Amino acid sequence: MIRMMTEVNIKAGIESILRRIDEAYARRPTHIKAPKPLLVAVSKTKPVEMIIEAYQAGQRHFGENYVQELVEKTQHPDILQQCPDIKWHFIGHLQNNKINKILKLPNLYMIQTVDSEKLATGLNSAWQKIHSDDNKLLSILIQVNTSGEEAKNGVLPSEAPALYKHITENLKYLQPEGVMTIGAFGFDYATGPNPDFISLINVYKEICEQNTLEPDSVQVSMGMSDDFENAIEGGSTIVRVGSAIFGFRAKKNV
Ligand SMILES: *Cc1c(COP(=O)(O)O)cnc(C)c1O
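Residues numbered from 1 in each chain as written. Predicted model: local features only at pLDDT ≥ 70, side-chain atom pairs only at ≥ 80, totals over all residues. Heavy atoms only, no water.

1. Description of helix H2 (residues 48-56)
Phase 1 of the analysis: Listed as buried for H2 are Val48, Met50, Ile51, Ile52, Ala54 and Tyr55.
Phase 2 of the analysis: Packed against the buried residues of H2 are helix H1 (10-27), strand E2 (61-64), helix H3 (67-74), helix H4 (77-82), strand E3 (87-90) and helix H10 (243-246).
Phase 3 of the analysis: Just past H2, the residue glycine 58 takes up positive phi, approximately 105 degrees. (Buried < 20%, exposed > 50% of the residue type's maximum accessible area, 1.4 Å probe, protein only. Helix = DSSP H or I, 4+ residues; strand = E, 2+ residues; numbered from the N terminus. Contact = heavy atoms within 4.5 Å.)

2. Side note on the nonpolar core
Phase 1 of the analysis: Of all hydrophobic cores here, the largest spans 65 residues; its most connected members are Leu103, Ile111, Leu123 and Ile142.
Phase 2 of the analysis: In terms of residue count, helix H8 (residues 195-210) provides more of this core than any other element does, 7 residues in total.
Phase 3 of the analysis: Once residues within four sequence positions are removed from consideration, leucine 103 is found in contact with Leu108, Ile111, Leu123, Ala126, Trp127, Ile130 and Leu138.
Phase 4 of the analysis: Within the second largest apolar cluster, 5 residues are counted, among which are Val40, Met110, Leu141 and Ile238. (Core = buried A, V, L, I, M, F, W, Y, C linked by side-chain atoms within 4.5 Å.)

3. Details of unusual backbone geometry
Phase 1 of the analysis: One non-glycine residue with positive phi stands out, namely asparagine 107, at about 65 degrees.
Phase 2 of the analysis: Among the secondary structure elements, asparagine 107 is positioned in the loop between helix H5 (99-103) and strand E4 (108-114).
Phase 3 of the analysis: Non-glycine residue threonine 212 carries a positive phi angle of around 40 degrees.
Phase 4 of the analysis: Structurally, the position occupied by threonine 212 is in the loop between H8 and strand E7 (219-221).

4. Regarding the packing of helix H7 (residues 160-170) against H8
Phase 1 of the analysis: Where H7 contacts H8, the axes come no closer than 9 Å and their chain directions differ by 40 degrees. Comparing their axes, H8 and H7 come out oblique. Like other packed secondary-structure pairs, H7 and H8 cross with a definite hand, here right-handed. Taking contact as the criterion, the partners of Ala160, Pro161, Tyr164 and Lys165 in H7 are, on H8, Val203, Glu206, Ile207 and Gln210.
Phase 2 of the analysis: Taken together, the residues of the contact of H7 with H8 sort by class into 5 nonpolar, 1 polar and 2 charged. (Axes fitted to C-alpha atoms, helices over the stretch in contact; angles between N-to-C directions. Parallel < 35°, antiparallel > 145°, perpendicular 65-115°, else oblique. Left-handed = near helix turned anticlockwise from the far one by under 90°. Nonpolar A, V, L, I, M, F, W, Y, C, P; charged D, E, K, R; others polar.)

Written out as structure tokens, the structure reads:
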């Protein structure tokens, strides 16, 4: 693949984001009992060689949100050879008819975007077929539509705890690890804390209480390039950062 000698220094970018994560984590109020956030480097639309560069800088968790791109990148010979310990997060909208395309992909780590009972059921039975011999579970997050925008996927905040409980009790091949939101873009932090983050934290608290889970054992995936520090201060345990590491993207995505 041809790439212009990049203006983007990926190693420096990752180091800088990790430092900012540490700083935001240090600022987080101590009453919030959540672990230090995991950085998921969002590599959508970016070439394989950038992913390898990030991997060589020590990054292990990567996020993609187009099925076809995930299919190609996870199986790319250079990735397979040079990034044996890579961990892929699917962070895009997943349709039921694409489930079988992604569950067998190498080094699939987590699906962050389970947004309906139907999808959860489909994932559970597909995973069961593949893993009937081992006891491996599929890690998932429930995507919550905290902003209430119609164009956004996710269950309503009021419905998320019930879906969580349903999965825990009935879908034995899924391992629900927590919740995720994208939230509204362009929130002005001068006006106060982001209501999307507050809403997701409330859902998370309700899930912890209903299922008697330790607060630090449930993941909260929120925060992107523009707002990951605010998200961390609010209790995020997974941040998904793309353009601040890999540079701006051509605008094919949402
Ligand atoms: C693209 C994307 C990101 C990363 O966005 P940046 O603003 O580039 O950091 C995070 N999460 C999801 C779900 C995305 O689609």
